[in-house]
Amino acid sequence: MQSFAERLRSNGCSLSRRAVDVLQVNLGRYCNLACIHCHVESGPTRKEMMRRENVEAVLRFLARTGIPTLDITGGAPELHSDFAYLIASARKLGRHVMDRCNLTVLFEPGMEYLPEFFKLNEVELVCSLPCYSEENVDKQRGKGTFDASIRALQLLNEIGYGQIDGDLVLNLVYNPVGPHLPPRQDKLEQDYKKILREQFGIAFNHLYCLTNMPITRYATHLKLRGEYDRYKELLESNFNGATLDQVMCRNLISIGWDGSVYDCDFNQMLGMPILDAAGNRLHIASLALDQVRERSIQVGDHCYGCAAGSGSSCGGELVQ
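Asker: I'm lost on the overall build of the protein chain in this one. Help?
Answerer: In terms of regular secondary structure, the protein chain is built from eleven helices and eight strands. Relative to the globule expectation of 20 Å for 320 residues, the C-alpha radius of gyration of the protein chain, 19 Å, shows essentially globular dimensions. Counting only C-alpha atoms and orienting by the principal axes, one finds that the protein chain spans roughly 50 × 45 × 40 Å. Per-residue burial over the protein chain gives 56% buried out of 320 residues. Here the contacts in the protein chain between residues at least 6 apart in sequence split such that 72% fall between residues at least 24 apart. Element-wise, carbon and sulfur atoms account for 48% of the exposed surface of the protein chain, whose accessible area totals about 13700 Å². Positive and negative charge centroids in the protein chain, built from 34 and 39 side chains respectively, lie 3 Å apart.

See below:
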């Protein structure tokens, strides 16, 4: 296998960050689900959660920069005690806020406030629904998650999310159930919209197709099934240089639950922080935008997951 770094060099390419348009913040690894594809390895037993001092540091960084979008992820970020505080504060700063939601969290104890809170703060929702089939969703995310996800989507529709002429954005995320590349995003979006509308009366704005990353929990799952090497070869053999201009690390930085700074969420889970000239980790509490702007991006073989086929990012496929 040719390493991703070697592939870049052989194609005369390099990756560096341009502007930072998105500040992605991982509030922690605690989650009410433990999905097999989860590269964060989140679950109900995880204890790692961002401390209040780092939440405040995130807000101070937003206040002194022009970064327009705060992208909140986890785990299930809604289960963090400072989730509502972070969103309300970011909105007061005039920032657009996105929440990466697993949908089922809306029915956890104490979370009944979430739908109206999302609406009040015009939070853009990016919600995981890896298939429109109950069997496939429950296989990947656990028994009963499909029914709970459908109920959550219907509830969000009732308050105005996902409507064509509305301002409340509801996007869905597809992940392949098996070790293969996602299909064409535009075609699958049409199928999702048709089936969810006809069977459940559900509307949404866009579907994002994401490639499963062969790291952490999903790598273990593949290895146990004897599919790891074949899947990595699939990603490498489908490398598409046209995706490199659009990969998410070129306009995003990722903040870990401990405040460390990363090029992307995947590097975060692999323990690849951004370092200063002295070899020390950058931290959100003292971060300056110039330290991460126009800077080379750390790459590894996992990067094939973002550059294979039509590409993959937090906003779905990159090229058609």
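Next comes the rest of the account.
Asker: Any chance you could explain the pattern of salt bridges here in plain terms?
Answerer: A side chain with one charge can pair with a side chain of the opposite charge if their charged atoms come near. Inspection of the entire model under this criterion finds 18 salt bridges. In this structure, the salt-bridge partner of Arg250 is Asp245, at a minimum N-O distance of 3.9 Å. One salt-bridge network, held together by shared partners, links Arg18, Asp245 and Arg250.

Asker: Would you mind going over the layout of surface pockets with me for this structure?
Answerer: A probe matching the size of a water molecule, rolled over the atoms, marks out where space remains unfilled. When its volume is computed, the largest pocket comes out at roughly 250 Å³. In terms of lining residues, the largest pocket is bounded by 19 residues, among which Val22, Met248, Asn251, Ser313 and Gly315 are the most central. Of all elements in the fold, only β2 (69–73) and β3 (96–101) reach the threshold of two or more residues within the lining of the largest pocket. A class-by-class count of the residues in the lining of the largest pocket yields seven nonpolar, six polar and six charged.

Asker: Quick question: what am I supposed to make of helix α6 (residues 145–158) here?
Answerer: Taking 1.5 Å as the rise per residue, α6 with 14 residues should run 20 Å; its terminal C-alpha atoms sit 20 Å apart, in good agreement. In the core, the buried residues of α6 are packed alongside α4 (114–120), β4 (124–128), α5 (134–141), β5 (170–174) and α7 (185–200). Of the residues trailing α6, Gly160 is marked for its positive phi of about 110°.

Asker: What am I meant to see in the pairing of strand β7 (residues 252–255) here?
Answerer: Side-chain positions along a regular strand alternate between the two faces of the sheet. Side chains of β7 alternate between two faces, with Leu252 and Ser254 and Ile253 and Ile255 buried alike. By the bridge criterion, four bridges tie strand β1 (residues 22–26) to β7 in an arrangement that is parallel. Considered in β7, the bridge of Leu23 is made with Ile253. Here two bridges tie β7 to strand β8 (residues 261–262), and the two strands are oriented antiparallel to one another.

Asker: What is the right way to read empty space enclosed by the protein from this model?
Answerer: The final tally for this structure, using the stated rule, is two cavities of 30 Å³ or more. Approximately 680 Å³ is the volume found for the largest cavity. Elements that contribute at least two residues to the lining of the largest cavity include exactly β3, β4 and α10 (265–269). Tallying contributions element by element places β4 first for the lining of the largest cavity, with three residues.

Asker: Is there a simple way to explain the sheet that holds β5 in this structure?
Answerer: One key point about sheets: their strands pair by backbone hydrogen bonds, in either a parallel or an antiparallel sense. Sheet architecture is open: eight strands sit in the order β6-β5-β4-β3-β2-β1-β7-β8, paired in mixed fashion. A single partner strand is all that each edge strand has here, and the edge strands are β6 (207–209) and β8. One ladder, built from four bridges, connects β2 with β3; its direction is parallel. Within the sheet, the bridge partner assigned to Ile72 lies in β3 and is Asp99. Against the sheet, α7 touches β5 and β6, its axis set at about 135° to β6.

How each quantity is defined
Residues numbered from 1 in each chain as written. Predicted model: local features only at pLDDT ≥ 70, side-chain atom pairs only at ≥ 80, totals over all residues. Heavy atoms only, no water. Helix = DSSP H or I, 4+ residues; strand = E, 2+ residues; numbered from the N terminus. Rg over C-alpha atoms; globule rule 2.2 N^0.38 Å. Buried < 20%, exposed > 50% of the residue type's maximum accessible area, 1.4 Å probe, protein only. Contact = heavy atoms within 4.5 Å. Areas by Shrake-Rupley, 256 points an atom, 1.4 Å probe, with all protein chains shown as cover. Lys, Arg positive; Asp, Glu negative; His and termini not counted. Charge placed at Lys NZ, Arg CZ, Asp CG, Glu CD. Salt bridge = Lys/Arg side-chain N within 4 Å of Asp/Glu carboxyl O. 1 Å grid on protein atoms, 1.4 Å probe; cavity = no way out; pocket = protein on both sides within 12 Å on 5 of 7 lines; lining within 4 Å. Points joined across faces, edges and corners; volume = space filled by probe spheres on them. Nonpolar A, V, L, I, M, F, W, Y, C, P; charged D, E, K, R; others polar. Expected span 1.5 Å × (residues − 1). Pairing = 2+ DSSP bridges. Axes fitted to C-alpha atoms, helices over the stretch in contact; angles between N-to-C directions.

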